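Geometric and topological summary
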Amino acid sequence: MRLTDPVLRRLACAAALALATATACAPQPEPQDPKAAPSATGTQGACAKGTLATRQSGRLTVGTDKPAYAPWFQDDAPSNGKGFESAVAYAVAERLGFARSDVTWTTVPFNSSFAPGAKAFDFDVNQVSISDDRRKAVDFSSGYYDVRQAVIALKTSKAAGAKSLADLKSAKLGAQVGTTSLDVINEQIKPAQQPAVFQKNDFAKAALGNGQVDAIVVDLPTAFYITSAEVPEAKIVGQFEPTAGEPEQFGLVLDKGSRLTACVSAAVDGLRKDGTLAALEKQWLSDAAAAPVLK
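Residues numbered from 1 in each chain as written. Predicted model: local features only at pLDDT ≥ 70, side-chain atom pairs only at ≥ 80, totals over all residues. Heavy atoms only, no water.

Focus: the overall build of the protein chain
When its secondary structure is counted, the protein chain shows 9 helices and 11 strands. Looking at the protein chain as a whole, 45% of its 295 residues qualify as buried. Total accessible area on the protein chain is roughly 15,000 Å²; 53% of this is exposed by carbon and sulfur atoms. (Helix = DSSP H or I, 4+ residues; strand = E, 2+ residues; numbered from the N terminus. Buried < 20%, exposed > 50% of the residue type's maximum accessible area, 1.4 Å probe, protein only. Areas by Shrake-Rupley, 256 points an atom, 1.4 Å probe, with all protein chains shown as cover.)

Set out below in structure tokens:
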């Protein structure tokens, strides 16, 4: 119909003006920042394998220290899928769409994993406890394991009979440098003498075995493994209560500001929700309730 009648022309103009006004006032979607990481509640497409900014296209690079200790790994071979952390890494990879053949492992010393600077991995898995201080230099995923620290001593050591924190104050204690195990010694036990500090747990175990220290502090699953398989002459003296309301947790380490952080956290959250983390913990780690609590 041709709008020759003046009334029809006025009606058409009014309708067009109303449509334009409604469109201008309607809520508009926020522009997307191309550098922003997808949220943990984002769509599956936002965390799909083809969209993830990994170091190598189509591959996932995972870091850990060497030697890779049991029960977190087995046979010093992270790529075999055996041990709790190896299994967790592959479960996260699968959630992100990566097959086992798409995963590359790289050696990263423990302290280097959370030190400032660019990383040679997409994420690192190596019993690294989440802390505000470490968050200044790196990102963490959601926690994948709630951990407690424990004391182990030779059965013949004076520390072996300790029933409380006070009983350990006079002991010569040791722990790996840069760990929450060392923090527990300094902040909870507060021993009378300076603790021995070791670059690796292997050195701490050797010092325990040859009597250089009365006891060492490690995470509880490691304590079970050391006393059952590596130093059977030692025993677990006890475990520590958490110092705050939130439990100490191990988290996957990522580069500061990594675009993968939200997706890796979403993968960990999914594994916790569907029971995978609990099943892997039951398969590979000992029951924490077996060790007495030191107060």
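From this point, the narrative continues.
Description of the packing of helix α2 (residues 84-95) against helix α8 (residues 261-273)
In contact at an axis separation of 9 Å, α2 and α8 are set at 110° when each is read in the N-to-C sense. By the angle between their directions, the pair α2 and α8 is classed as roughly perpendicular. Read as a crossing pair, α2 and α8 show a hand that is right-handed. Contact with α2, carried on its side by Ala-91, Val-92 and Arg-95, involves Val-264, Ala-267, Val-268, Gly-270 and Leu-271 of α8 and no other residues of that element. A per-class count over the contact of α2 with α8 returns 6 nonpolar, 1 polar and 1 charged. (Axes fitted to C-alpha atoms, helices over the stretch in contact; angles between N-to-C directions. Parallel < 35°, antiparallel > 145°, perpendicular 65-115°, else oblique. Left-handed = near helix turned anticlockwise from the far one by under 90°. Contact = heavy atoms within 4.5 Å. Nonpolar A, V, L, I, M, F, W, Y, C, P; charged D, E, K, R; others polar.)

What to know about the pattern of salt bridges
A complete count under the given rule lists 8 salt bridges for this structure. A salt bridge links Lys-200 to Asp-65; its shortest N-O distance comes to 3.3 Å. Within this pair, whereas Lys-200 is found in the loop between β7 (196-198) and α6 (201-209), its partner Asp-65 is found in the loop between β1 (60-64) and α2, the two being separated by 135 residues in sequence. Residue classification places Asp-65 among the buried residues on the basis of a relative accessible area of 11%. The closest approach of N and O atoms between Asp-274 and Arg-95, which form a salt bridge, is 2.3 Å. Here the residue Asp-274 occupies a position in the loop between α8 and α9 (276-284), and Arg-95 occupies one in helix α2, the gap between them amounting to 179 residues. (Salt bridge = Lys/Arg side-chain N within 4 Å of Asp/Glu carboxyl O.)

With respect to α2
Since the α-helix turns once every 3.6 residues, residues separated by three or four places project in the same direction. Given a rise of 1.5 Å per residue, 12 residues ought to cover 16 Å, and the 17 Å separating the end C-alpha atoms of α2 matches this to within 8%. Among the 12 residues that make up α2, 10 are buried, leaving the element largely enclosed by the rest of the structure. What α2 keeps buried is the set Phe-84, Glu-85, Ser-86, Ala-87, Val-88, Ala-89, Tyr-90, Ala-91, Val-92 and Ala-93. Just past α2, the residue Gly-97 takes up positive phi, approximately 95°. (Expected span 1.5 Å × (residues − 1).)

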